[in-house]
Amino acid sequence: MSEMSVTRELFDQVMVPNYAPASMIPVRGLGARVWDQEHREYIDFAGGIAVSCLGHCHPVLVGALREQSEKLWHVSNVLTNEPALRLASKMVAATFADKAYFCNSGAEANEAAFKLARRYALEHFGEHKSQIIAFNQGFHGRTFFTVTVGGQAVYSDGFGPKPSAIDHVDYNDLSALEAIMSDNTCAVVMEPLQGEGGIISPDVEYIKAVRALCDKYNALLIFDEVQTGVGRTGALYAYMELGVAPDILTSAKSLGGGFPIGAMLTTSAIAASLKPGTHGSTYGGNPLACAVAEAAFDTVNTSAVLNGVKEREAWYREGLAAINDKYQCFSEVRGKGLLLGAVLNKQYQGQAKAFLDAALEEQLMVLVAGANVVRFAPSLVISQEDVTEGLARFERAVAKVVQG
Ligand SMILES: *Cc1c(COP(=O)(O)O)cnc(C)c1O
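Conventions adopted
Residues numbered from 1 in each chain as written. Predicted model: local features only at pLDDT ≥ 70, side-chain atom pairs only at ≥ 80, totals over all residues. Heavy atoms only, no water. Helix = DSSP H or I, 4+ residues; strand = E, 2+ residues; numbered from the N terminus. Rg over C-alpha atoms; globule rule 2.2 N^0.38 Å. Buried < 20%, exposed > 50% of the residue type's maximum accessible area, 1.4 Å probe, protein only. Contact = heavy atoms within 4.5 Å. Areas by Shrake-Rupley, 256 points an atom, 1.4 Å probe, with all protein chains shown as cover. Lys, Arg positive; Asp, Glu negative; His and termini not counted. Charge placed at Lys NZ, Arg CZ, Asp CG, Glu CD. UniProt positions renumbered as here; feature names shortened; annotations may be inferred. 1 Å grid on protein atoms, 1.4 Å probe; cavity = no way out; pocket = protein on both sides within 12 Å on 5 of 7 lines; lining within 4 Å. Pairing = 2+ DSSP bridges. Axes fitted to C-alpha atoms, helices over the stretch in contact; angles between N-to-C directions. Near = heavy atom within 4 Å. Polar contact = N/O pair within 3.5 Å; in protein donor to acceptor, adjacent residues only side chain to side chain. Nonpolar A, V, L, I, M, F, W, Y, C, P; charged D, E, K, R; others polar. Domains from an automatic or database assignment. Buried area = accessible area lost by both parts, 1.4 Å probe. Salt bridge = Lys/Arg side-chain N within 4 Å of Asp/Glu carboxyl O.

**Overview of the overall build of the chain**
Part 1 of the reasoning: Of regular secondary structure, the chain possesses 14 helices and 15 strands.
Part 2 of the reasoning: Its C-alpha atoms give the chain a radius of gyration of 21 Å, near enough to 22 Å, the size a compact globule of 404 residues would have.
Part 3 of the reasoning: Projected onto its principal axes, the C-alpha coordinates of the chain cover approximately 60 × 55 × 45 Å.
Part 4 of the reasoning: Taken over 404 residues, the chain has a buried fraction of 54%.
Part 5 of the reasoning: If you take every contact in the chain between residues at least 6 apart in sequence, the share linking residues at least 24 apart comes to 71%.
Part 6 of the reasoning: For the chain, the exposed area adds up to about 17,700 Å²; of that, 55% sits on carbon and sulfur atoms.
Part 7 of the reasoning: Looking at charge distribution, the chain has the averaged site of its 33 positive side-chain charges lying 1 Å from that of its 44 negative ones.

**Description of the UniProt feature "binding site: N(2)-acetyl-L-ornithine" (unreviewed entry) in the chain**
Part 1 of the reasoning: Within the UniProt annotation, "binding site: N(2)-acetyl-L-ornithine" (unreviewed entry) is assigned to R142 and S281. Lining residues of the second largest pocket drawn from the annotated set just named are S281.
Part 2 of the reasoning: Residue position: R142 is located in the loop between β5 (131–135) and α6 (144–149).
Part 3 of the reasoning: Judged by its relative accessible area of 56%, R142 is exposed.
Part 4 of the reasoning: If near-sequence neighbours (up to four positions away) are discounted, R142 is found in contact with A107, V147 and Y155.
Part 5 of the reasoning: With respect to the element layout, S281 can be found in the loop between α10 (268–271) and α11 (287–300).
Part 6 of the reasoning: Beyond its immediate chain neighbours, meaning those up to four positions away, S281 contacts N77, Y101, N104 and E108.

**Quick notes on the sheet that holds strand β4 (residues 99–103)**
Part 1 of the reasoning: Strand order in the open sheet made by the seven strands is β4-β10-β9-β8-β7-β5-β6, with mixed pairing throughout. Of all strands in the sheet, those bounded by a partner on one side alone are β4 and β6 (166–169). Taken pair by pair, the neighbouring strands of this sheet meet at an average axis angle of 20°, ignoring direction.
Part 2 of the reasoning: Note: strand β7 (residues 185–190) against strand β8 (residues 220–224), four bridges, orientation parallel. Residue V188 lies in a different strand from β8, and its bridge partner there is L221.

**Details of the UniProt feature "modified residue: N6-(pyridoxal phosphate)lysine" (unreviewed entry) in the chain**
Part 1 of the reasoning: As annotated by UniProt and renumbered to match this structure, "modified residue: N6-(pyridoxal phosphate)lysine" (unreviewed entry) occupies K253.
Part 2 of the reasoning: Examined against the element boundaries, K253 turns out to sit in the loop between β9 (248–251) and β10 (262–266).
Part 3 of the reasoning: In this structure K253 touches I49, A50, V51, E196, V226, Q227 and I261, once residues within four positions along its chain are discounted.

**Describing the site of the ligand**
Part 1 of the reasoning: Every residue close to the ligand is listed here: S105, G106, A107, N110, F139, H140, G141, E191, D224, V226, Q227 and K253.
Part 2 of the reasoning: Note that an oxygen atom of the ligand is positioned 2.8 Å from one of the backbone N or O atoms of G106.
Part 3 of the reasoning: Taking K253, its side chain carries an N or O atom lying 2.6 Å from an oxygen atom of the ligand.
Part 4 of the reasoning: The dominant element in the shell around the ligand, judged by the number of residues it contributes, is helix α5 (residues 106–124), at three residues.
Part 5 of the reasoning: A class-by-class count of the residues in the shell around the ligand yields three nonpolar, six polar and three charged.

**Thoughts on the sheet that holds strand β13 (residues 364–365)**
Strands in a sheet are paired, the pairing made by backbone hydrogen bonds, and the direction either parallel or antiparallel.
Part 1 of the reasoning: With mixed pairing, the four strands of this open sheet are ordered in space as β1-β2-β3-β13. With partners counted over all chains shown, the strands left at the sheet margins are β1 (26–30) and β13, one partner each.
Part 2 of the reasoning: Pairing between strand β3 (residues 41–44) and β13: two bridges, direction parallel. Residue pairing for β13: D44 is matched across the bridge by M365.
Part 3 of the reasoning: The sheet contacts of helix α14 (residues 384–402) involve β2 (33–36), β3 and β13, and relative to β3 the element is tilted by about 105°.

**Quick word on the domain arrangement of the chain**
Part 1 of the reasoning: Structurally, the chain comprises domain 1 (3–58 + 303–402) and domain 2 (72–300).
Part 2 of the reasoning: For domain 1 versus domain 2, the distance between C-alpha centres works out to 27 Å.
Part 3 of the reasoning: Contacts between the two partners involve 25 residues from domain 1, matched on the other side by 24 residues from domain 2.
Part 4 of the reasoning: Taking both sides of the interface into account, the surface hidden between domain 1 and domain 2 amounts to around 2,000 Å²; carbon and sulfur atoms contribute 60%.
Part 5 of the reasoning: The largest share of the area that domain 1 buries against domain 2 comes from L306, K336 and L339, three residues that together contribute 28% of it.
Part 6 of the reasoning: Along the contact surface separating domain 1 from domain 2 lie three salt bridges.
Part 7 of the reasoning: There are ten residue pairs in polar contact (both at pLDDT 80 or more) connecting domain 1 and domain 2.
Part 8 of the reasoning: Mapped onto the side of domain 1 that touches domain 2, the elements with two or more residues apiece are α2 (47–50), α12 (303–327), β11 (330–336), β12 (339–344) and β15 (373–376).

**Concerning the side chain of H140**
Part 1 of the reasoning: Following the sequence through the fold, H140 ends up in the loop between β5 and α6.
Part 2 of the reasoning: Looking at H140, the relative accessible area reads 3%, which means it is buried.
Part 3 of the reasoning: One polar contact links H140 to D224, side chain to side chain, over a distance of 2.8 Å.
Part 4 of the reasoning: What H140 contacts, discounting residues up to four positions off in sequence, is G106, A107, N110, F114, T146, V149, G150, V189, E191 and D224.

**Digging into the pattern of salt bridges**
Part 1 of the reasoning: For the structure on display, the rule yields 22 salt bridges.
Part 2 of the reasoning: For the salt bridge of E241 with K310, the shortest nitrogen-to-oxygen distance reads 2.5 Å. Residue E241 is found in the loop between β8 and β9, and its partner K310 is found in helix α12; the two are separated by 69 residues along the sequence.
Part 3 of the reasoning: Note on E241: relative accessible area 35%, which makes it partly exposed.

Take a look at the structure:
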């Protein structure tokens, strides 16, 4: 295997063309730095896509993976295992929830959440209660159910008949939600800060009103915290700073710090609807993933790391404001903690990808959130030196785009 020449061209030959990766191929990472095949070094302000919450190859995660890799990898869910039970105990102790379900991705966590909400409504209220309400621009994953609940039809169109009884309204528009909600509503699904949709925060009063509407109509409130969870916004979960708890919460991305895992959390009363045989996963809750996630969860769920996120947010906001003073390309920087979006002003509409490409040329990895927002989702423990150096690179990239 090792003598095979692996180039970017090989991607076009052997991979399904659903992605269009950049020309460089990363081969190694440490902390917030990544190196490519040519030994060029990059600063990572992307964290994969908001995944690598402790940077690359964090010693605590490497240690947990190594230790578990020599003990037990897989036993199936015919049996349970120690890392899964430890992780579940810690997650329920730290949140509103009583019960956890493990799977391998954000989409799978949401798939489980939506199936549970439907089953719960069916058991407790009857067949009429099947409506799922979600939000325009929302994102919940790429399985057919989750992508249909997501708020961009362009991602769910073109695959034949869709799962039904799913409606969308505008985020932060209470009267639109009120108008469409009824006793037929089974669940309202929302990101407590829209990520892929453009880094959009909910109004505090709005989110409280959504909770009240769910209570009024006996609908479950599902928070998709796949992107916001595990420290990303500076709280363990974003809901904790919104004054509103959901009935079901989904977590993935940062949860494994780069190792695939997803989780759904809920209360005992709701969890009771997923009886033996109703849902499952071959790999879900496997000892390797749970051991790494336990280490990530323990490391992030400390006041040192969570307060550090808020400190780092200030470094980014100051640095981006200084860049904007010079180049005037952003209308605002929004988001929370280390999930930030620099919103392009009128002059640069639709050009977020150009900023991303220019940054990569300057050896900096950033993300976009739609066509008008440059997104930052770095390691939660990134050093000040890496932030400063990365912002200097970003400034050079901005200069290039602005100067055409
Ligand atoms: C990334 C994301 C998902 C999908 O997670 P996968 O692991 O890619 O399936 C779902 N919801 C939100 C809010 C996300 O950001």
